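Residue strings, one per chain:
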Amino acid sequence: MIIGVLNQKGGVGKTTLSVNLAAALALSGKRALLIDADPQGSALDWQSTREGDTLFPVVGMAKPTLHKDVPELAASYDHVIIDGPPRVNELAKSAIMACDLVLIPVQPSPYDVWAADDIVKLIQEVMIYKAKLKGRFVVNRKIVNTAIGRDVAEALRDYPFLVAETAINQRVAYAESAASGLSVLEFDSKGPAAREIKALVRELVEE
Ligand SMILES: Nc1ncnc2c1ncn2[C@@H]1O[C@H](COP(=O)(O)OP(=O)(O)OP(=O)(O)O)[C@@H](O)[C@H]1O
Ligand SMILES: [Mg+2]
């Protein structure tokens, strides 16, 4: 399966979710590949910070030819994750064209809900040519015991894509693990962040 993590809004958690989803897949025995399609190269930075063995390869490919190049690469893997750029441009469109599923991280704020309009439109443009393409929102940085995460999930229902049942909470483990090039699953394998990432993978891949 080819899953792109995209949203033109910056800082919503595309890279955080990409590296952790790829790690969860790799740790469950799947052959996973992470494609860094962001010219900022954050996923590549994450991998290069790491000491010791890598869990999965990270390939830098911030080019609008992704939709042509990814299928051949994907043939050697069970799952490919694409960490997208913070823009709506040809590169983002090419990344979407390469995907089976586009995961759209949204933070629990009305600004993020309104800003999702651009990425939704871009996915819908691609859907005209690729009817099997799916879009799915995921609430990221939800704050435990607050209603805003639920309110945002509710507001997102006005868009034509489903909202993942698993929300990702605001947790220091995400930033702390990334600082040493680790996933939350390695950082604290039984912790709440590891549990929610595994639940999200199950929801996305096994349905
Ligand atoms: N669930 C979370 N809990 C705590 N911190 C988070 C969470 N998700 C993301 N962050 C932090 O938010 C910041 C932005 O996350 P990230 O870099 O993953 O976003 P991005 O969408 O890839 O950004 P860009 O648009 O610049 O590529 C980082 O410092 C990251 O550690
Ligand atoms: Mg990023």
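Above this text is the structure in question.
Residues numbered from 1 in each chain as written. Chains lettered and ligands numbered in written order. Predicted model: local features only at pLDDT ≥ 70, side-chain atom pairs only at ≥ 80, totals over all residues. Heavy atoms only, no water.

Digging into the overall build of the protein
Note the following rule: Numbered from the N terminus, helices here are DSSP runs of H or I no shorter than four residues, and strands are runs of E no shorter than two. With a 1.4 Å probe rolled over the protein chains alone, any residue whose accessible area is under 20% of its type maximum counts as buried; one over 50% counts as exposed, and the rest are partly exposed. Under the convention used here, a 1.4 Å probe and the Shrake-Rupley method define accessible areas, while residue burial counts only the protein chains that appear. By the counting scheme adopted, Arg and Lys are positive, Glu and Asp are negative, and His together with the chain ends is not counted. Note on charges: their place is set at NZ of Lys, CZ of Arg, CG of Asp or CD of Glu.
Counting secondary structure elements, the protein contains nine helices and eight strands. Along the first, second and third principal axes, the C-alpha set of the protein runs to 45 × 45 × 30 Å. For the protein, buried positions account for 51% of its 207 residues. Only carbon and sulfur atoms are counted for the fraction: they give 51% of the accessible area of the protein, which is about 9700 Å². Averaged over its 23 positive side-chain charges, the protein has a centre that lies 3 Å from the centre of its 26 negative ones.

Considering the packing of aromatic side chains
How we decide: Centre distance within 6.5 Å is the pairing criterion for rings of Phe, Tyr and Trp, where only the six-membered ring of Trp is used; planes under 30 degrees apart are then read as stacked, over 60 as edge-to-face, and the remainder as tilted.
In this structure the tally under the stated criterion is four aromatic pairs. Considering the side-chain rings of Trp46 and Phe56, the 5.6 Å spacing of their centres and the 10 degrees angle between planes classify their relative orientation as stacked. Of this pair, Trp46 sits in helix 2 (residues 42-49) while Phe56 sits in the loop between helix 2 and strand 3 (58-60); the two residues are ten residues apart in sequence, bridging distant segments of the chain. No difference in accessibility class separates Trp46 from Phe56, as the two residues are buried. Geometrically, the ring pair formed by Phe137 and Tyr159 is tilted, given 5.6 Å between the ring centres and 45 degrees between the ring planes. Remark: Tyr159 occurs in the loop between helix 6 (148-156) and strand 7 (162-163) and Phe137 occurs in strand 6 (residues 134-142); sequence separation between them is 22 residues. For the pair Phe137 and Tyr159, one class covers both residues: buried.

Here's the deal with the site of ligand 1
Heads up, the rule is: If a single non-hydrogen atom of a residue is within 4 Å of a molecule or strand, that residue counts as near it. Here a polar contact is recorded for every N or O atom pair within 3.5 Å, except that within protein the pair must consist of a potential hydrogen donor and a potential acceptor, and residues adjacent in sequence are included only if both atoms are side-chain atoms. Gly is placed with the polar residues, together with every amino acid not listed as nonpolar (Ala, Val, Leu, Ile, Met, Phe, Trp, Tyr, Cys and Pro) or charged (Asp, Glu, Lys and Arg).
Lys14, Thr15, Thr16, Arg141 and Asn169 are the nearest of the 18 residues found near ligand 1. Asn140 is positioned with one of its side-chain polar atoms (N or O) 2.9 Å from a nitrogen atom of ligand 1. About the coverage of ligand 1: the protein hides 79% of its 630 Å² of free accessible area. Of all the secondary-structure elements, those providing two or more residues to the shell around ligand 1 are helix 1 (14-27), strand 6, strand 8 (168-169) and helix 7 (172-179). Residue classes in the shell around ligand 1 are distributed as five nonpolar, nine polar and four charged.

Examining the packing of helix 1 against helix 9 (residues 192-205)
What counts here: Fitting a line to C-alpha atoms yields each axis, with helices limited to the stretch in contact; the angle taken between N-to-C directions then spans 0 to 180 degrees. Each angle gets one of four labels, with under 35 degrees taken as roughly parallel, over 145 as roughly antiparallel, 65 to 115 as roughly perpendicular, and the rest as oblique. A contact between two residues is defined here by any heavy atoms of the two lying within 4.5 Å.
Contact geometry of helix 1 with helix 9 gives a least axis separation of 9 Å together with a crossing angle of 80 degrees. By the criterion of interaxial angle, the relationship of helix 1 to helix 9 is roughly perpendicular. For the pair helix 1 and helix 9, contact is made by Leu17, Asn20, Leu21, Ala24 and Leu25 and by Ile197, Leu200, Val201, Leu204 and Val205, respectively.

What to know about a positive patch on the surface
Filter applied, for reference: The patch calculation keeps residues exceeding 30% relative accessible area without a salt bridge and links them within 9 Å when they carry like charges or within 5 Å when they are nonpolar (Val, Leu, Ile, Met, Phe, Trp, Tyr). In the sections that follow, a salt bridge refers to a side-chain nitrogen of Lys or Arg positioned within 4 Å of a carboxyl oxygen of Asp or Glu.
On the surface, a cluster of positive charge is contributed by Lys190, Arg195, Lys198 and Arg202. With respect to the helices, strands and loops of the structure, Arg195 is situated in helix 9. Under the relative-accessibility criterion, Arg195 is labelled exposed at 53%.

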